[in-house]
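Coordinate analysis (summary)
Here is what each chain is made of, one letter per residue.
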Amino acid sequence: MSKAAELANLIGNINAGGGGVNRNVIINGAMNVAQRATSATGLGANANTYDVCDRWLLSVNGTDGRLTITQDSSAPSGFSNSTKLACTTTDTSIAAGEFLTFTQKIEGQNLQSFAKGTSDAKPFAVSFYVKGNASATYVAELMDNDNSNRHVSKSFTVTTDWTRVELSFPADTTGTFDDDNACSMVLNIWLHAGETFNPASGGTLQETWGTLSQASRAVGISSFLDSVARTFFITGVQLEVGQNPTSFEHEPFERTLAKCERYYYKQNYVGSGGPYGHFSKNYSSSHRFVTIDHPTSMRATPDSTFSANASFTEYFSTARHFKAYIAASSTTSTTYYLKAYQANAEL
């Protein structure tokens, strides 16, 4: 995109109520943060899992196909990472209800600038970079989780070179987003779909906001699971207010990490002879406690899991803290500590 075109798009979006800093409501769109792992294999069947890059959900239903997801160093100019999906087992006998989407869920309180459901509703501009092993057609869908799953979809093509996809979705004057910390909207990248969502004949892609029509969600897409040679790379995902996508809003790594840690926080401890993590401290003559302060307030009280060198019991977990205890004498010479900890408050 030329500088003149970029400036025109930015001015247009400012006139539409968008533009400026903090305009991207997608978190970790550059795929830089991957707290859980940098790769995951054998994915498929029926799954709703956060596997590699933070905030990105793999949603799969009913398929015999399998895939691997990795945080990959292949990326367009100006980026260092992407998410790569690679088919490892094909599924060419596609049942009606099958689907595979790459998804991000978004809190309602982060979507208020779109003024959805009002007379001042703003359009949605979506952009991202993609490539694959061969040409393919997929669909990007916005779904309103607060208003009976109203939705709108746009198709896009993938080639063997990195290309930037720019999609403009209309404003919607029906159905406001809740102003809270729950999921209000979902961005779905449709990569595989059965007849229910992708009819062989008679289907029309829903390109304006409307009531849920399953047969209009992913019409005309290719199947990512049609060949073990199939790959799909994506990075630079942005969702902003405006008619026209603007250049990707880069931000410091630590800011993206802090946003991700609002939803998921993981701590693995490594040491000589370890792992050694948070050590317990005397609370009374018969109990010891271990306390972890989360680096940021999490979206909600998380589901906390941990491992230790002894049998600890969780005492409480909040958006800010975790505490566990063990029945142990204050005079014992034995050391008690955590070996790993994670807190999950994903949508």
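Here goes a summary of the coordinates provided. (Residues numbered from 1 in each chain as written. Predicted model: local features only at pLDDT ≥ 70, side-chain atom pairs only at ≥ 80, totals over all residues. Heavy atoms only, no water.)

**Some details on the pattern of salt bridges**
Close approach of charged atoms allows side chains of opposite charge to pair. Selection criterion: Salt-bridge detection follows one rule: a side-chain nitrogen of Lys or Arg within 4 Å of a carboxyl oxygen of Asp or Glu. Helix and strand definitions follow DSSP, with helices as H or I runs of at least four residues and strands as E runs of at least two, each counted in order from the N terminus. For the exposure calls, accessible area comes from a 1.4 Å probe over protein chains only, and a residue counts as buried if that area is under 20% of its type's maximum, exposed if over 50%, partly exposed in between.
Under the counting rule described, the total for this entry stands at 11 salt bridges. For Glu240, the salt bridge is made with Arg23, and the minimal N-O distance between the two is 3.4 Å. Within this pair, whereas Glu240 is found in strand β10 (residues 231-241), its partner Arg23 is found in the loop between α1 (3-15) and β1 (39-50), the two being separated by 217 residues in sequence. Residues Glu240 and Arg23 agree in their burial class; the two are buried. When the shortest N-O distance is used, the salt bridge between Lys116 and Asp144 registers 2.6 Å.

**Digging into empty space enclosed by the protein**
Which parts of space are left empty comes out when a probe the size of a water molecule is rolled across the atoms. Inclusion rule: With a 1 Å grid spanning the protein atoms alone, the term cavity applies to any set of points in which a 1.4 Å probe fits but cannot get out, the term pocket to an open set with protein on both sides within 12 Å along at least five of seven lines, and the term lining residue to any residue with an atom within 4 Å of a point. Grid points are joined across faces, edges and corners, and a volume is the space filled by probe spheres set on the points. Residue classes follow a fixed rule: Ala, Val, Leu, Ile, Met, Phe, Trp, Tyr, Cys and Pro count as nonpolar, while Asp, Glu, Lys and Arg count as charged, and any other residue, Gly among them, counts as polar.
In total, this model carries one cavity of 30 Å³ or more according to the counting rule given. The wall of the largest cavity is formed by Thr49, Asp51, Val52, Cys53, Trp56, Leu57, Leu58, Ile69, Thr83 and Phe102. Counting residues per element, the lining of the largest cavity draws most heavily on strand β2 (residues 57-72), which supplies three residues. Residue composition of the lining of the largest cavity, by class: seven nonpolar, two polar and one charged.

**Notes on helix α2 (residues 253-261)**
Note the threshold: Think of the arc as the fan of directions from the helix axis to the C-beta atoms. By definition, residues are in contact when any of their heavy atoms lie within 4.5 Å.
Along α2, the residues classified as buried are Thr256, Cys260 and Glu261. The buried residues of α2 occupy an angular sector of 135 degrees when the element is viewed end-on, so they sit on one face. Turning to α2, the residues buried within the fold contact β11 (264-268).

**Structural notes on the pairing of strand β9 (residues 183-193)**
For clarity, the threshold we go by: At least two DSSP bridges between two strands are required for those strands to pair.
Of all 11 residues in β9, 11 are buried; the element is thus mostly enclosed. Sheet topology places strand β6 (residues 136-144) next to β9; six bridges connect them, and they run antiparallel. Its bridge partner lying in β9, Leu142 is registered against Leu187.

**Thoughts on the sheet that holds strand β14 (residues 303-308)**
Put simply, the rule is: Structural elements are reduced to axes, namely lines fitted to C-alpha atoms, with helices fitted over the stretch in contact, and the angle between N-to-C directions of any two is expressed from 0 to 180 degrees.
Taken in spatial order, the three strands line up as β11-β17-β14 in an open sheet, and their pairing is antiparallel. Among the strands making up the open sheet, the edge pair consists of β11 and β14. Across the sheet, the axes of successive neighbouring strands diverge by a mean angle of 10 degrees, strand direction being ignored.

**Observations concerning the layout of surface pockets**
Reported here for the largest pocket is a volume of approximately 360 Å³. Of the residues that constitute the lining of the largest pocket, the class distribution is six nonpolar, 10 polar and three charged. Counted as a void, the second largest pocket has a volume near 280 Å³. Along the wall of the second largest pocket there are 16 residues; nearest its centre are Ser59, Phe99, Met143, Asn188 and Arg217.

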